[in-house]
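A look at the structure
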Amino acid sequence: MTQRFVARLRDWRDRFLHLIATMHPAAWLVFLGIVVFTVLFGSLGVQNHDNFGTWSYDMGIYDQGLWLLSRGGDTFMTVRGLDFWGHHVNLIGYALVPFYWLGAGPRFLYVFQAFALGLGAAPIYLITRDKFRTPWMGLVFAIVFLMYAPLQWISWAMFHPEALVITPFLFAWWFATHERWGWFYAMVVIALSTREDVAMAVFMMGVVLLIVMRNAPDYRRVVKMSVGAMVLGAAWYAVATKIVIPIFNDGNEPFYITYFYGNYGKSTPEILGNIISRPDKVVSDAVQHDRLTFYKQLSWPVGWTWVASPLALLMAAPQMLASVIGLSPYARMIRYQYTSVMIAPIFIASIQGAFVFWRFKLAKVLLPMWLLGCAYVSNVAWSPSPLNPDEYVYWSQPHPRHESIREALSHIPDDAAVSASYQILPHLAHRREIFDWPNPFWAAVWGNDDCAHLPDPTIIDYVILDKTQIGANNQAIYDHMREPGGPFEVEFEDDNVVVLKRVGTSPEVDVQPQQDSCRQLALQRELRARG
């Protein structure tokens, strides 16, 4: 047994060394591009966090959630007011747990995410190389991918597990087109592990493969594997949204169903029914100005080549529909993570579309120029890269006031229960009780917009606030906290930040505000229920 294992290791080593020795120069340049992308956007992410450019939502949510997962036991995220598994089903989190055992946090998440995003250039290279039968076109599309403005914005927009879907989804497509079904399913499982709604894209991948591979020699096997992916996707979505999330969310549907799509109904069946019965409403939403801008910013960086072969866009259709009909304007901006599930299908469709033009002799010269030109111009216009000074400033820069905040953070014990400002909280998330101010004193964007699991405010030991982020609506609570004889005393304060330490309690801080906010939320829910 030992000899056989050693022989297998040697065989793998020899194959790997042969692969390295025979790599095409274009492949080496793709590898270099991945390294540059990882170093550039990983370091910018670390800079963003260190200079207080990360937020409670969403860096604080996922950092606390992964930390809780790594510690075992209770996985209720006090940053969000939801259990880790009642928020989303991010099984990929288990792959990050060992790093959290070693002390990982937001800096690691930024670097890891940058690497995972940049690594998508590898399957892009392979898909294009095999389609065009030239490694150099593989390099062209890999460069276009690494310069894709929406991809670079994901690197900026905190950490989100669904951002990790792009690379395995692309690899799944490449393995499928080579009929390497074991690896295909391995990549599909990884993709599904990133978030529950990826299942819809996987389902549509099965549909698209049935059409794209209809001329495969062993089409029966293609049908079997494609239908299997469809079944797996549908089953996983049902299990995640109808069993797992409700179990950990007090029997409720995923919070985003009514939070983002309440304009179409109060439940999933009602929302789907209205989408089907009111196509006029869907079309009206889909052609609003901000949606048209969204389509333009997704398409110009790839030269609109997907227009020549749009079939693969079916894989992006569920997420695109969710983005254009929902209530959140952020879901249809390239600056946020909502494009994650769309990016792989857009590139697959773009590669397929570009190949339509490839049969023309002139295209062999003009097509690479067009693609690289569109990638460069759109990156200068819309990306957060150093090429675009107007947007590059979104990466938080050093500021003298940051030293005040760092000094204030040093006054917070590691085991204290804390309520913290939006941009300070991600630096304190490795604890079981950390709340986004003004929670838990006043219920604000908590749980399912209710007061379920909102704890007694007297559990809070410390409050740390950036004075610019106290908020007019919360000023009265803050004033009551620090009035003479009040429940908190000043531990640290300067012109920028204040740290308050609990020394007592009062109804003006620990009772009345929470009661008032919960009463308001209950009334709002009652009004929504009445319709």
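Refer to the structure presented above.
Residues numbered from 1 in each chain as written. Predicted model: local features only at pLDDT ≥ 70, side-chain atom pairs only at ≥ 80, totals over all residues. Heavy atoms only, no water.

**Brief notes about the nonpolar core**
Among the nonpolar cores identified, the biggest contains 150 residues, and F145, F184 and I464 are the most heavily contacted of them. For this core, the element with the highest residue contribution is helix α19 (residues 340-358), accounting for 11 residues. Excluding anything up to four places from it in sequence, I464 contacts A408, L409, I412, V418, S419, A420, S421, I424, L428, V497, V498 and V499. Judged by nonpolar contacts, the second largest core, of 20 residues, contains F441, I470, M481 and L500. (Core = buried A, V, L, I, M, F, W, Y, C linked by side-chain atoms within 4.5 Å. Buried < 20%, exposed > 50% of the residue type's maximum accessible area, 1.4 Å probe, protein only. Helix = DSSP H or I, 4+ residues; strand = E, 2+ residues; numbered from the N terminus. Contact = heavy atoms within 4.5 Å.)

**Some details on the state of the cysteines**
Considering all chains together, one arrives at one disulfide under this definition. Between the sulfur atoms of C451 and its disulfide partner C518 the distance amounts to 2.0 Å. Disulfide C451-C518: the torsion about the S-S bond is -105°, which places it as left-handed. Taken together, the positions of C451 in the loop between β4 (434-436) and β5 (462-466) and C518 in helix α25 (residues 512-530) put the pair 67 residues apart, joining distant regions of the chain. (Disulfide = S-S within 2.5 Å.)

**Structural notes on the pattern of salt bridges**
Under the definition given, this model contains 17 salt bridges. One salt bridge connects R107 with D50, and the closest N-O pair in it is separated by 2.8 Å. Highlighted residues: R107 in helix α6 (residues 106-118) and D50 in helix α2 (residues 25-50), separated in sequence by 57 residues. Given a relative accessible area of 24%, D50 falls into the partly exposed group. D510 serves as the salt-bridge partner of R502, at 3.0 Å between the closest nitrogen and oxygen. It is possible to trace a salt-bridge network through shared partners that takes in E162, R195 and D197. (Salt bridge = Lys/Arg side-chain N within 4 Å of Asp/Glu carboxyl O.)

**Observations regarding the side chain of Q64**
As for its placement among the helices and strands, Q64 is situated in helix α3 (residues 56-71). With a relative accessible area of 0%, Q64 lands in the buried category. Apart from the residues lying within four places of it in its own chain, the contact partners of Q64 are M77, T78, V79, A429, R431, R432, E433 and I434.

Any link to function would need more than the numbers given here.
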